[in-house]
Amino acid sequence: MTDEAAPSAKLAALTVDRLIASGLVRADKRDTLIGKIAAGTMSGGDWKVEIELATAKAAG
């Protein structure tokens, strides 16, 4: 067994990093989001709240 992250975690990290760069999710929630996405527990409602909070933070 290697210490490499699982493919789902790698993909989640790439995705979250791009969303952070786009201002669609909050950088301070990066690790939490990666964990939820990789585990498949991120719901539609979670996405909506996260995007709303990130865009409100950027606007304010």
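Below or above, wherever it landed, is the structure these notes cover. Keep in mind it's a predicted model, so treat the numbers as computed, not measured.

About the thresholds
Residues numbered from 1 in each chain as written. Predicted model: local features only at pLDDT ≥ 70, side-chain atom pairs only at ≥ 80, totals over all residues. Heavy atoms only, no water. Core = buried A, V, L, I, M, F, W, Y, C linked by side-chain atoms within 4.5 Å. Buried < 20%, exposed > 50% of the residue type's maximum accessible area, 1.4 Å probe, protein only. Helix = DSSP H or I, 4+ residues; strand = E, 2+ residues; numbered from the N terminus. Axes fitted to C-alpha atoms, helices over the stretch in contact; angles between N-to-C directions. Parallel < 35°, antiparallel > 145°, perpendicular 65-115°, else oblique. Left-handed = near helix turned anticlockwise from the far one by under 90°. Contact = heavy atoms within 4.5 Å.

Considering the nonpolar core
At step 1: Judged by nonpolar contacts, Ala12, Ala13, Val16, Leu19, Val25, Leu33, Ile34 and Met42 together constitute the single largest core of eight residues.
At step 2: At the level of elements, helix H1 (7-21) and helix H2 (30-39) are the ones that each hand at least two residues to this core.
At step 3: Here this core gets four residues from one element, more than from any other, and that element is H1.

Here's the deal with the packing of H1 against H2
At step 1: Between H1 and H2, whose axes approach to 8 Å, the crossing angle comes to 135°. One finds that H1 runs oblique with respect to H2. Remark: the crossing between H1 and H2 carries right-handed chirality. Note on element contacts: H2 touches H1 through Arg30, Leu33, Ile34, Ile37 and Ala38, opposite Ser8, Ala9, Ala12, Ala13, Val16, Asp17 and Ile20.

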